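# Results of the structural survey
Spelled out from the first residue to the last, the chains are:
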Amino acid sequence: MKMNDPWCVDAQHPREQGETDMTFLDCKQKMHEPYSYLLFAAILWVLPAYVASSPQRSVAFLLDIDNTLYNEADCGIESQIVTNTHSYCKEKFGMEKEEADELYRQFGSTVEGLKHTILRGHPESEVQEALDDFYATVYSKIDYSSLLLEPTTQQSSTGYSMARDRKLLRQLLRFCPHPICVTSNSPSWHVRKTLEAMGLGDIQFENFFTPDRLPFYPTKHDPKSFFGKNCEELFSYARLVVFDDSRSNLSRICENFPKAEGVLVSHQNPLTTAWLRTGLLDPEFEFDQVQYLDSKNAVDRKSIDSKVWNEIVASLQDLGKREVHIADVGAGILSMLDLFLHGDASEGLQPLLRIDTKGPSYVHYTAYESNAKLYAACHQKLLSWGFIAREKAGNVIVYEGPSAQVRLILQNFDRSQPIPPPDLIVGCCFADLFDPSLLVPSLIRSFSLLENQKTILYFPITFEGITQLFPPQPFELSIDGTIPSDTAALRVYSEALSGDLGHNLDPKLLQDEMERHGFTLQRKGASNWNIDHGGNPYLYRCMLYFFGSAAGPKLQQDGWDAQCWTQRIRKRNPQIQVSNADLVFQVGQNPEHCPHNINSDLVSEEIYFVGPRDVTTRKQRIPGLRPTQVLSK
């Protein structure tokens, strides 16, 4: 549909900043004919049937299981299959593991290679018996427990965790607008156990293609035998998208099905990313965790409330200690340590260690970061700042510098040994990632905060739940359905963050939970993000990655054309505005006695008419409201 089509609502007249979503009345007023409103409503009425018969329905996804549905590096399931295969080939055929691996590379699976070499020419009954024995032996000794999620309250500083990735995968599978067929060279009982261990046993797949459903266990090396009588159905699709970790399997399927598109899944291109690139994400975008944090940290520096930051620094300097202890519970690539050591004069952020004050001269810095992929970047930054790696014990690496000692712990703070109460706990872009009822007790337990009444907790860049695009766009009709308005789509994005990923989008809930445990909010400052495509292009593309991955599946579930929505953003490049707050808490302090009092209540002065020519005013306190609350009498 062309952008100048009259049914493309207000496509030629984007709204000014702050303009609300267009209503049906607005649409009616912009139509050229008197009865256009009725026709427009009729189109929306028949739209679901139109979408159901559209070319989008002629797409099917073929999904491999082992080392595709899960990351082998995290789970080790396929390595068990390989080990069992090596043992079987050695015991039954005297074959070394290098020979077995060569069969895998040549034929897409070792068992397919056995059929074409050692078992070739044998009577069919012997081949069938040997294959029965192979599958029963190799797949009977698999431990699936590594696929189960471990309970934890914390994610990494990039917001990544296996639990989050698993939830995203589940969303993609549940709400995919296309039929999904499972295609695996492993037997059906292994596929079923894998899905159940991953919590995906209730997903409704279109079909299951596994070797054990047909005689002689055909594999994807021979697609026409593997798919059997279903080949004609697969040929009927206008497009087949095939996800697999084997180049050989992809090559064979694409050779036999001209409309098939092979997508190689790997450690660098995991299934969730590969899946989203088929429509919801920019296919050319590569998400890199270190580059994302570098670009985000640059915006953080511009956004952090300098007054709140400098008050934190002054509070630590006023402790009268020569050495202070800081715990960073979401260290990332050590952006907070950088600011404490060096400050940022261009943004008005003071360093902690200054020769012109009587404050501390040495910092003991404990940095928690569970994402081991960030270790190399942390190591390089510390070396560039003059630190030397002194010792390593398990997940703890100790660095010594001229004015600080850094203990880098590659583990969640709530999975590590408790430490004595530090002078400051800091977590940048951190506190909104968790349920406050889990986060606060974990902090108290991990840092023995019940034993200390002076520890300061500082959470800069805490998301307040509001993301906006400027200028915003209304809904539009597309070939495949209706493109949501930016406001509607970002509302779904917020719902996905809170409902599906467990984020807390209301800082007041965190404040309430802190107060229940004896903490009070001492200071609060605004730290909003303003992200322009031209000013910070990589972070901008990362935000679109988050929009597509979090909101995309739910938008599809609700019947919206999510793909066109993300494409519209990439075409227009509106400014992204995100509301954040810098929060400071402390144990046992009454904010009314602090020099920087924080009180969310407002005082209004109201005019009262008490009689003819008799007017007076009265002051009234209005309680602070949360993002979803309104004031009523």
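Residues numbered from 1 in each chain as written. Predicted model: local features only at pLDDT ≥ 70, side-chain atom pairs only at ≥ 80, totals over all residues. Heavy atoms only, no water.

Now for the pairing of strand β7 (residues 362-368). Of all seven residues making up β7, seven are buried, and the element is well covered by its neighbours. A two-sided burial pattern is seen for β7, the buried positions comprising Y362, H364, T366 and Y368 on one face and V363, Y365 and A367 on the other. Pairing of β7 with strand β10 (residues 404-409) involves six bridges; the strand directions are parallel. Counted as the bridge partner of V363 is A404 from β10. (Buried < 20%, exposed > 50% of the residue type's maximum accessible area, 1.4 Å probe, protein only. Helix = DSSP H or I, 4+ residues; strand = E, 2+ residues; numbered from the N terminus. Pairing = 2+ DSSP bridges.)

Let us look at the sheet that holds strand β2 (residues 180-183). Taken together, the five strands give an open sheet; going across it, the order is β3-β2-β1-β4-β5, and neighbouring strands pair in parallel fashion. Bordering the open sheet on either side are β3 (207-209) and β5 (260-264), each of which pairs with just one other strand. On average, adjacent strands in this sheet sit at an angle of 20° to one another, irrespective of strand direction. When β2 meets β3, the two strands line up parallel, connected through three bridges. Within β3, the position partnered with V182 by the bridge is F208. (Axes fitted to C-alpha atoms, helices over the stretch in contact; angles between N-to-C directions.)

Position of Y368 relative to the elements: it lies in strand β7. Along the primary structure Y368 and G427 are separated by 59 residues, whereas in three dimensions their C-alpha atoms are 9.9 Å apart.

Counting 129 residues, the largest nonpolar core has L69, L173, F243, W275, F340, Y365 and F547 as its most contacted members. With twelve residues, the top contributor of residues to this core is helix α21 (residues 537-557). With sequence-adjacent residues up to four places away left out, L69 is seen in contact with L63, D64, L169, L173, L195, M198, L200 and L271. Core analysis: the next-biggest nonpolar cluster, separate from the first, contains 27 residues, Y368, I425, F447 and L449 among them. (Core = buried A, V, L, I, M, F, W, Y, C linked by side-chain atoms within 4.5 Å. Contact = heavy atoms within 4.5 Å.)

Our focus in this paragraph is the pattern of salt bridges. Taken as a whole and judged by the stated rule, the model has 24 salt bridges. Note that K220 is salt-bridged to D64, the shortest N-O span being 3.0 Å. Of this pair, K220 sits in the loop between β3 and α10 (223-227) while D64 is found in the loop between β1 (59-63) and α3 (72-75), placing the two residues 156 residues apart along the sequence. D423 serves as the salt-bridge partner of K321, at 2.6 Å between the closest nitrogen and oxygen. With a gap of 102 residues between them, K321 in the loop between α15 (306-317) and β6 (323-328) and D423 in the loop between β10 and β11 (424-426) connect regions that are remote in the sequence. K321 gets classed as partly exposed once you look at its relative accessible area, which sits at 35%. The class of D423 is buried, set by a relative accessible area of 11%. If you follow the salt bridges from partner to partner, you end up with D64, K220 and D244 in one network. (Salt bridge = Lys/Arg side-chain N within 4 Å of Asp/Glu carboxyl O.)

So yeah, pure geometry; function would need other evidence.
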